[in-house]
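Commentary on secondary and tertiary structure
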Amino acid sequence: MKLNEIQLARILDNARSLVEEDKHLHAMQVYHRLLREEPAFLPAYVGLTSLYAELGQFPAIIRLLKRALEYAPGNGELIFLLGSYHLRMEEYDAALSRFKQLAEKKLPQVHFNMGVAYFYKNNIKNAEEQFRLTMKFDPAFPKINESLGELLIKREAYTEAIDFLKRGIAADPYSAVNHHLLGVAYGRLDDWKSASREFILAVDMDPAEAINWQMCGDALHHLKRHQEAEQYLRKSLELDPNSADTCVTLGHVLVALGDPTGAGEFLKKALTLDSQNARAKDLRWKLQQKSKQHSH
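Summarised in this report is the structure supplied together with it.

1. A closer look at helix H14 (residues 226-239)
For H14, spanning 14 residues, the distance from its first C-alpha to its last is 20 Å, which sits close to the expected 20 Å at 1.5 Å a residue. Within H14 the residues assigned to the buried category are His226, Ala229, Glu230, Tyr232, Leu233, Ser236 and Leu237. Where H14 is buried, its residues meet helix H12 (192-205), helix H13 (210-222), helix H15 (244-256) and helix H16 (260-273).

2. Regarding the environment of Glu37
By the secondary structure assignment, Glu37 is in helix H2 (residues 24-37). Residue Glu37 is classed as partly exposed on the basis of its relative accessible area, which comes to 37%. Each C-alpha atom of the pair Glu37 and Ser196 lies 61 Å from the other, and the pair is 159 residues apart in sequence.

3. Topic: the environment of Glu20
Take Glu20: it is sitting in helix H1 (residues 5-20). Judged by relative accessible area, which is 71%, Glu20 ranks as exposed.

4. What to know about the pattern of salt bridges
Under the definition given, this model contains 10 salt bridges. For Glu160, the salt bridge is made with Arg132, and the minimal N-O distance between the two is 2.7 Å. Separated by 28 residues along the polypeptide, Glu160 in helix H10 (residues 158-171) and Arg132 in helix H8 (residues 124-137) bring together distant segments of the chain.

5. Thoughts on the nonpolar core
Proteins that are soluble and globular tend to have nonpolar side chains buried together. Counting residues in each nonpolar core, the largest one holds 95 residues, and the members touching the most others are Tyr31, Leu34, Tyr85 and Ile153. Top element by residues in this core is helix H4 (residues 58-71). It accounts for eight residues. Contact partners of Tyr31, with chain neighbours within four places excluded, come to Leu12, Ala15, Arg16, Pro43, Ala44, Gly47, Leu48 and Leu51.

Parameters and conventions
- Residues numbered from 1 in each chain as written.
- Predicted model: local features only at pLDDT ≥ 70, side-chain atom pairs only at ≥ 80, totals over all residues.
- Heavy atoms only, no water.
- Helix = DSSP H or I, 4+ residues; strand = E, 2+ residues; numbered from the N terminus.
- Expected span 1.5 Å × (residues − 1).
- Buried < 20%, exposed > 50% of the residue type's maximum accessible area, 1.4 Å probe, protein only.
- Contact = heavy atoms within 4.5 Å.
- Salt bridge = Lys/Arg side-chain N within 4 Å of Asp/Glu carboxyl O.
- Core = buried A, V, L, I, M, F, W, Y, C linked by side-chain atoms within 4.5 Å.

Written out as structure tokens, the structure reads:
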């Protein structure tokens, strides 16, 4: 017996209430019942998709959305969802083929996701084109300045990256990622004073992220503020003991502080973690030269 609109709405409300009560299994059963009764009822597919996403069942989501598209070919919401889940599964070509179906609609979220897919495919030119289209269609699109800034750092356009990242910070002053990226851009331009300021802000906003402490230590080392650098680098290693790069920078700092023995210990650890680390090999050579000079 075909369900009427009121019955469909009531069953859908019931499923959504079960989701809110964290009764996900029951909600799934209701959605499946709905689809058995009304295989073309799109809201049931969308609801079921978000439940599968919480369980990490992405292949099941792809199958489900493809089935929904059989009933509603050309449905923009379903195509966008399908592209987004392909993107989450790192299936970039499949994601792009879906998003391209919607490209003429000038939807910023479509162009942004295309930019992300191209970025991860290392197609920087196409990624930049899509991010700039996103900004054209919605200048206030979330994370667009940050994404363009990161891309411009990748293609070594540091001054332009700084402009976008500053805009990103103006829109979201508490974004640790924006401050971190701005620090990276300043560092690449050898403006270590500005870089250290941004990394300190990134640490304040996201103290659990080891890379922020590491980059701050690195910037302070460049500024020859070695004692401060040591504190930041040791904190970074507390959070991530397996960072060879942090061990090497700490080794350099300890050499500058007149502790070659301590430097040697961190160098040894760095080479254990990454035997091919070029910076570690360089520091090892410098320490060996220093030790030869002392022995003569």
